[in-house]
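# Chains, contacts and geometry: an overview
For reference, the chains in residue letters:
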Amino acid sequence: MDQEEHLPCSLTSYKYGFANQRSGILNQIQSEFWEVFDLKDPDTTPPRTRRKLRIEDEIAHFSDDHYLADLYEDEVIQSLVRFETKWAKKKREAALGSSLQDEFTSDEKEILLKLPRKEYILSSKESKFAMMGLFDILFGYAYNHRTTEGENTVSSGWTVCKLSSTLSWFDAFQNLEDVVRSSFQRSLCFPLYRNWRLSETVFADVKDVISLGKMTILKCLLEVRQMLLDADQHYILNDLYVCDYCVWIQSVKSSTLEKLLQALNNILVKKSDLDLDLELLEQAGSLAVKEADKICDQHTLSTSSSSESSDDGSDGESDQDISNDQDTDDYDREKLPVLLRKCHISECQSEKNS
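Residues numbered from 1 in each chain as written. Predicted model: local features only at pLDDT ≥ 70, side-chain atom pairs only at ≥ 80, totals over all residues. Heavy atoms only, no water.

## Topic: the overall build of the chain
Counting its regular elements, the chain contains 16 helices and 0 strands. The 354 residues of the chain split such that 44% are buried. Summarising the internal contacts of the chain: among those between residues at least 6 apart in sequence, 80% fall at separations of at least 24. (Helix = DSSP H or I, 4+ residues; strand = E, 2+ residues; numbered from the N terminus. Buried < 20%, exposed > 50% of the residue type's maximum accessible area, 1.4 Å probe, protein only. Contact = heavy atoms within 4.5 Å.)

Structure below.
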């Protein structure tokens, strides 16, 4: 265990910010930004406690109903997955012989001129913090880009921050698999669209960005910076993280990014890796849908039989016939799987434990 965590809060101020190098900054201004951070007391909360609280918060916010709705009613999701990002387009054009060279816009050039000129001398541990945080922020950015189809909204800054454990919980990662799993998990707990295939596609998007090199990454970070400026009070995260990332990434060696990309290509995230019991939930959802289909078929058969009986021997409808028709009209197949799922969860859990 980290010796730092044994120290009483009065003797230490825990770190956060770019490469986990800052401390003691937020204790005086925390009340001004309480809506921005999910971690309410970063200066006195140890790293292990931050992660524990973060995971507990994710589990608490995960919605079975929302996840199943995006699993079975996925027309919009499919459209978002098919969307061609600007990075995918660039790679496709490059394969046809076009140049991969990026150019900065006049606004981007102006911002770059205003950034401080700094040299970063990071320890091995701090370099890992910085690189893991880079992936974390890019995942939130890539999710926003895909789900808005490249047209940022007033919620874009919120989306990037909410999906990033780095920006919302000041969580600092040393392990690449941990930060990838965190990004997947948060993408299924908080944003508008919560779908496993969508998360996998966003993961591929991040790898596309990194494969295109540090200029492309820098342009993404500059866009994140603007999103945070446009989001109420989120500019503090530019001061703590994003501006430093914009400066630092320019000095990162291409070989370092290539190693990061290679490591990401070797990571395969499974549903069982997360803390959300997705496989159990999907099994329960599948049972519920089958039961819903069965009941729907029974309603259809019953209605058909009633109609035939009416045609054969009745000039008018009885009160019971009218009641049956109303029951059929009131039947909502789309709501039934969610209701039935609640009955099947315990059944699936018993099968899982046996």
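## Comments concerning the packing of aromatic side chains
The geometry of an aromatic ring pair comes down to the distance between the two centres and the angle between the two planes. One pass over the structure, following the stated rule, counts 14 aromatic pairs. Considering the side-chain rings of Phe135 and Phe203, the 6.0 Å spacing of their centres and the 85 degrees angle between planes classify their relative orientation as edge-to-face. Residue Phe135 is located in helix 6 (residues 124–147), and its partner Phe203 is located in helix 10 (residues 196–211); the two are separated by 68 residues in the primary sequence. Accessibility expressed as a relative area gives 0% for Phe135, which makes it buried. A residue is classified by how much of its surface remains accessible, and Phe203, at 6% relative accessible area, is buried. Just above the ring of Phe190 sits the side chain of Lys162; from NZ or CZ to the centre is 5.1 Å. Positioned above the aromatic ring of Phe203 is the side chain of Lys207, whose terminal nitrogen or guanidinium carbon lies 4.3 Å from the ring centre. (Phe/Tyr/Trp six-rings, centres within 6.5 Å; stacked < 30°, edge-to-face > 60°. Lys NZ or Arg CZ within 6 Å of the ring centre and 35° of its normal.)

## A few points about the nonpolar core
Residues Val180, Leu237 and Trp248 are the most contacted members of the largest nonpolar core, which totals 82 residues. Here the element with the most residues in this core is helix 6; it accounts for 11 residues. In this structure Val180 touches Phe135, Phe203, Leu264, Ile267 and Val269, once residues within four positions along its chain are discounted. (Core = buried A, V, L, I, M, F, W, Y, C linked by side-chain atoms within 4.5 Å.)

## Some details on the pattern of salt bridges
Tallying each qualifying case throughout the model produces 20 salt bridges. A salt bridge links Arg186 to Asp38; the shortest N-O distance between them is 3.4 Å. With Arg186 in helix 9 (residues 176–187) and Asp38 in the segment before helix 1 (47–61), this pair connects stretches of sequence that are 148 residues apart. Overlapping salt bridges, with partners in common, bring together Asp38, Arg51, Arg54, Glu58, Lys162, Asp171, Glu177, Asp178, Arg181 and Arg186 in one network. (Salt bridge = Lys/Arg side-chain N within 4 Å of Asp/Glu carboxyl O.)

## Remarks on the side chain of Glu126
One can find Glu126 in helix 6. Notably, Glu126 is buried but unbridged: the nearest opposite-charge side chain belongs to Lys15, and the N-O separation is 5.3 Å. Within the local environment of Glu126, its side chain forms a polar contact with the backbone nitrogen of Ser123, the two atoms lying 3.0 Å apart. Residues contacting Glu126, with those up to four places away along its chain left out, are Ala19, Gln21 and Ile121. (Lys, Arg positive; Asp, Glu negative; His and termini not counted. Polar contact = N/O pair within 3.5 Å; in protein donor to acceptor, adjacent residues only side chain to side chain.)

Take it as geometry only, folks, not as evidence of what the structure does.
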